[in-house]
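Summary of structural features
If you want the building blocks of each chain, they are given just below.
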There are 2 protein chains.
Amino acid sequence: MSVTGSPGSTASLRSANQQRVVDVLRSGDQVTQADLARQTGLAPATVSSIVRDLASAGLVTTEPGSGRRGTTVALAAAAGLVAGVDFGHSHVSVALGDLTGTLLAERRTPLDSGHPCDAGLDAAADLLDEVLDDADAKFDSLRCIGMGLPAPLTDGIVRSSAILPGWVGVNALDAARQQFGLEIHAENDANLGALAEHRHGVARGHANSVFVKVSSGVGAGIVLEDRLFHGSGGTAGEIGHLTLDESGPVCRCGSRGCLEAYTSTGALQAMMHTQLPGAGVDEIVAAARQGNVSAVRALEDAGLHLGWALASVVNLLNPGLVVVGGDMARAGELLLESARIGLRRHALDAVAATPVEASELGERASLVGAVLLAAERTELTAV
Amino acid sequence: MSVTGSPGSTASLRSANQQRVVDVLRSGDQVTQADLARQTGLAPATVSSIVRDLASAGLVTTEPGSGRRGTTVALAAAAGLVAGVDFGHSHVSVALGDLTGTLLAERRTPLDSGHPCDAGLDAAADLLDEVLDDADAKFDSLRCIGMGLPAPLTDGIVRSSAILPGWVGVNALDAARQQFGLEIHAENDANLGALAEHRHGVARGHANSVFVKVSSGVGAGIVLEDRLFHGSGGTAGEIGHLTLDESGPVCRCGSRGCLEAYTSTGALQAMMHTQLPGAGVDEIVAAARQGNVSAVRALEDAGLHLGWALASVVNLLNPGLVVVGGDMARAGELLLESARIGLRRHALDAVAATPVEASELGERASLVGAVLLAAERTELTAV
């Protein structure tokens, strides 16, 4: 929320009130002026005046209803569009969205897992041209880009990561600003997944939720009191490196027996390397569904360990819901059922029934989150 | 913060501005009107008008300085006093404080560890009379009481706890309201310790900090973005039941190998029961200081396990500081040095240097927090 004017002044009050109206419109629901007054708590006359200002700045459109209070208000297409860019270990996805965070077009392309940052951004720029074409939109209409990266980020710089080796040490914000010539906001991909599930997915309505992305790496995005929580240095959510067994396998992070060693696509493949040599996650899941008892057991063990780490999370944070996403979430209940058992075994009674649900947005979660991030960070003010 | 008037109205703006001024005064620092304007961001004329309103309601006193802007402003003694009541496993402490949270008098008395709730509250009421006498104050001046309990609380009801068996299932808020006839706010004692260290102790200036109370039980209070975090059901901070070894000792919580089994006063005494049979924490610490190598090792092992659990906390939450309090904190560096080593062994590199410091307020932390809670929850408004 951006508020102009010195705090406590009537100018800042006007700006804050305008922002309340815009925030309701950003939710994308169809609203009348009466709804806006109810949802913002502002007086109907104040709402009318704000809507008039926004309309004359071209930021909202109005449709007549029964009387002025029945007038329907929506963000105008002319208010602009945003894009989301989501980098994975070996792909990049790009989506075009409007300022309510609704996706208008999306595309995905594979990337070499060791791709240098420049090549990744070039591929993203190509996809952006394509989605603009798909939606019959122009680059000039873009206001802002949200970017997701599967790595810890501090001040826009990609920190040591085995997932995205070609980006380590790069100032991803600067590089993307140069590539696109637009305002860029970057987030860890698990944080974007948490944002997406909180705004548009299974965590909607939960003030506190944790989204765990289980793919080749394991990370969590934490939403507390309806906002993404980053921690003091921006690295909050590193669930993948909770120690489960201090004598377990040595981890790339310098510790031993981390969750990632037991629950990740690599750990699952390693468990199955004798039974199903060379099989990927989807093949192992398919085998389990067809009754391969080894595959069932491997997923079960991955789930039990995941549940153990989730127990630490719910003991410490007591969220209303845990959401599991990432590649491993495609195993569905084969993973989640044992995750719930693991959680119950290791959590305090008061929080042992914390629901653990599959991501509703699936592999699109981070991409949807990137669009939402861009939409929420786009300033809309009519002075 | 309490704000009257409908949101976005000028009445609510006036109330919010008044609250900004009161919040600065509550910090207890000596301030001039010019300081108030600077710290609240309000216009000097607005500050003058608010101070005039508060003064005529008897809530603040003013002392002339150089011009109106040099006038010194402070909360008036007549604005009222508060009390803090802190229940431990086998004691209760009571303090009297003013609305800045400054303690004016305090007393402590032992309690039977199995005491029923009523007996505990009677003892607290006796102490309250005594501290009022000590400070030459009257019961009528009390505005509010903050109460700390070493147990999880939801909606004021004490949940299952081995620490306070005589209180389980009791609605502590209702019982205390009946005993004192005053507004009561209750919190888990670790949460109060976190609040106290954040406002007046070693965590001052850290937006995100975690206070771990290591006594017969082990619990944490979590301050995120300068506010106590409670979680969706009010049970956040249960660090004592993080599983460190799934084949470890069975715990009262229904899990195995919890932190409490390795790092708590009971665990320390159990480790030393052959070498120093019947010794309490203070005797074991004294022995370690005199070179008893078994006592040194026992404290070291307790610290390493504490550090392991702290690593989970800093991986997940990335706080700026971890504060260790409770009875075990009296071991000082004998415990903390190995806690830092344990943290470094199990935490990600980016957060491995998170400082771990001893509580500055020591065994008074929860009591100071109880007074602060009461002071912060006391409404001060001049209409």
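Calculation notes
- Residues numbered from 1 in each chain as written.
- Chains lettered and ligands numbered in written order.
- Predicted model: local features only at pLDDT ≥ 70, side-chain atom pairs only at ≥ 80, totals over all residues.
- Heavy atoms only, no water.
- Helix = DSSP H or I, 4+ residues; strand = E, 2+ residues; numbered from the N terminus.
- Rg over C-alpha atoms; globule rule 2.2 N^0.38 Å.
- Contact = heavy atoms within 4.5 Å.
- Areas by Shrake-Rupley, 256 points an atom, 1.4 Å probe, with all protein chains shown as cover.
- Lys, Arg positive; Asp, Glu negative; His and termini not counted.
- Charge placed at Lys NZ, Arg CZ, Asp CG, Glu CD.
- Least-squares fit on C-alpha atoms with pLDDT ≥ 70 in both.
- Buried < 20%, exposed > 50% of the residue type's maximum accessible area, 1.4 Å probe, protein only.
- Salt bridge = Lys/Arg side-chain N within 4 Å of Asp/Glu carboxyl O.
- Polar contact = N/O pair within 3.5 Å; in protein donor to acceptor, adjacent residues only side chain to side chain.
- Axes fitted to C-alpha atoms, helices over the stretch in contact; angles between N-to-C directions.
- Left-handed = near helix turned anticlockwise from the far one by under 90°.
- Nonpolar A, V, L, I, M, F, W, Y, C, P; charged D, E, K, R; others polar.
- Domains from an automatic or database assignment.
- Buried area = accessible area lost by both parts, 1.4 Å probe.
- Pairing = 2+ DSSP bridges.
- UniProt positions renumbered as here; feature names shortened; annotations may be inferred.

Overview of the overall build of chain A
Scanning chain A from N- to C-terminus turns up 11 helices and 15 strands. A compact globule built from 383 residues would reach a C-alpha radius of gyration of about 21 Å, and chain A, at 22 Å, matches this within 12%. Reported as C-alpha extents along the three principal axes, the dimensions of chain A are approximately 70 × 50 × 40 Å. In chain A, of all internal contacts separated by at least 6 residues, the share reaching a separation of at least 24 is 60%. Carbon and sulfur atoms provide 48% of the accessible area of chain A, an area that totals close to 15200 Å². Here chain A holds 27 positive side-chain charges and 43 negative ones, and the gap between their average locations is 7 Å.

Some remarks on the relation of the copies chain B and chain A
Rotating chain B by 180° and moving it 0.1 Å along the rotation axis overlays it on chain A with an RMSD of 0.1 Å. The relationship between the two copies is best expressed as a two-fold rotation axis. Interface residue correspondence from chain B to chain A reaches 98%, placing this contact among same-surface, isologous pairings.

Remarks on the side chain of Glu197(B)
Residues and elements named next belong to chain B. With respect to the helices and strands, the residue Glu197 is situated in helix H6 (residues 189–200). For the buried Glu197, no salt bridge exists, and the shortest N-O distance to an oppositely charged side chain is 8.7 Å, to Arg204. A distance of 3.1 Å separates a polar atom in the side chain of Glu197 from the backbone nitrogen of Glu360.

With respect to the packing of helix H2 (residues 33–40) of chain B against helix H3 (residues 44–56) of chain B
Residues and elements named next belong to chain B. Where H2 meets H3, the closest approach of the two axes is 9 Å, and the angle between their N-to-C directions is 115°. For the pair H2 and H3, the crossing hand works out as right-handed. The residues of H3 that touch H2, namely those facing Gln33, Leu36, Ala37 and Thr40, are Pro44, Val47, Ser48 and Val51. Here the contact of H2 with H3 is composed, by residue class, of five nonpolar, three polar and no charged.

Let's talk about the domain arrangement of chain A
All names here are of chain A. The domain architecture assigned to chain A consists of domain 1 (10–78), domain 2 (80–193 + 366–377) and domain 3 (203–359). Here domain 2 and domain 3 have C-alpha centroids that lie 25 Å from each other. Taken together, the contact between domain 2 and domain 3 spans 12 residues of the former and 15 residues of the latter. Between domain 2 and domain 3 the total buried area reaches about 1000 Å² when both faces are included, carbon and sulfur atoms providing 54% of it. Together, Ile163, Ala190 and Asn191 form the three largest contributors to the area buried by domain 2 at its contact with domain 3, with a combined 43%. Inspection of the region where domain 2 meets domain 3 yields one salt bridge. Close ionic contact of Asp189 with Lys213 constitutes a salt bridge, the shortest N to O distance being 2.8 Å. At the junction of domain 2 and domain 3, the tally comes to two residue pairs in polar contact (both at pLDDT 80 or more). Residue assignment for the side of domain 2 that touches domain 3 shows that the elements contributing at least two residues are strand E8 (153–154) and helix H6 (189–200). At four residues, H6 tops the list of elements feeding residues into the side of domain 2 that touches domain 3. Class assignment for the residues of the side of domain 2 that touches domain 3 results in five nonpolar, five polar and two charged.

What to know about the sheet that holds strand E10 (residues 184–188) of chain A
Strand pairing in a sheet relies on backbone hydrogen bonds, with the paired strands running either antiparallel or parallel. All names here are of chain A. A sheet is described by the order of its strands in space; here five strands give the open sequence E6-E5-E4-E7-E10, paired in mixed fashion. Edge positions in the sheet fall to strand E6 (103–110) and E10, since each has one partner strand and no second. Each adjacent strand pair in this sheet contributes to an overall mean axis angle of 15°, direction not counted. Of the strand pairs in this sheet, strand E7 (residues 142–149) and E10 are connected by five bridges, and their pairing is parallel. Residue pairing for E10: Met147 is matched across the bridge by Ala186.

Re the side chain of Ser215(B)
Residue and element names in this part refer to chain B. Its location among the elements puts Ser215 in the loop between strand E11 (209–214) and strand E12 (218–224). At 3.0 Å, the side chain of Ser215 and the backbone nitrogen of Asp327 are in polar contact. For Ser215, the residues in contact, after removing those within four places along its chain, are Ser264, Thr265, Gly326 and Asp327.

Description of helix H2 (residues 33–40) of chain A
Listed as buried for H2(A) are Gln33(A), Asp35(A), Leu36(A), Ala37(A) and Thr40(A). Looking at the residues trailing H2(A), positive phi occurs at Gly41(A), about 80°.

Some details on the interface of chain B and chain A
In this assembly, 49 residues from chain B lie in contact with 48 residues from chain A. Summing both sides of the interface, chain B and chain A together bury roughly 3900 Å²; the carbon and sulfur share of this comes to 55%. Taken together, the links from chain B to chain A amount to two salt bridges. One salt bridge in this structure joins Glu225(B) and Arg227(A), with 3.6 Å as the shortest N-O distance. Summed over the shared surface of chain B and chain A, the number is 22 residue pairs in polar contact (both at pLDDT 80 or more). Taken together, the elements giving at least two residues each to the side of chain B that touches chain A come down to helix H1 (10–26), E12, strand E13 (227–229), helix H9 (293–317) and helix H10 (333–346) of chain B. When residues in the side of chain B that touches chain A are grouped by element, the largest group, six residues, is from H9(B).

Points about the UniProt feature "domain: HTH marR-type" (unreviewed entry) in chain A
On the UniProt side, "domain: HTH marR-type" (unreviewed entry) is annotated at positions that read residues 22–68 of chain A here. Secondary structure across residues 22–68 of chain A divides into 55% helix and 21% strand, with the first and last C-alpha atoms of the span separated by 18 Å.

Description of the packing of helix H8 (residues 281–289) of chain B against H9(B)
All names here are of chain B. One can describe the packing of H8 onto H9 by two numbers: an axis separation of 7 Å at closest approach and a directional angle of 115°. H9 is crossed by H8, and the crossing has left-handed handedness. Facing Ile284, Val285, Ala287 and Ala288 of H8, the residues of H9 in contact are Ala295, Val296 and Leu299.

Thoughts on unusual backbone geometry
Residues and elements named next belong to chain A. Although it is not a glycine, Asp136 sits at a positive phi angle of roughly 55°. Of note, Asp136 is situated in the loop between helix H4 (117–134) and E7. A positive phi angle, close to 50°, is found at Asn318, a residue other than glycine. Here Asn318 lies in the loop between helix H9 (293–317) and strand E14 (321–325).

Observations concerning the sheet that holds strand E2 (residues 60–65) of chain B
Residues and elements named next belong to chain B. The strand order across the open sheet formed by three strands is E1-E3-E2, and the pairing between neighbours is antiparallel. Unpaired on one side and paired on the other, strand E1 (31–32) and E2 mark the two borders of the sheet. Pairing of E2 with strand E3 (residues 67–75), which is carried by five bridges, proceeds in the antiparallel orientation. From the neighbouring strand, Val60 faces E3, where its bridge partner is Leu75. Across the sheet, H1 lies against E1, E2 and E3, angled at about 70° from E3, the strand it touches most.

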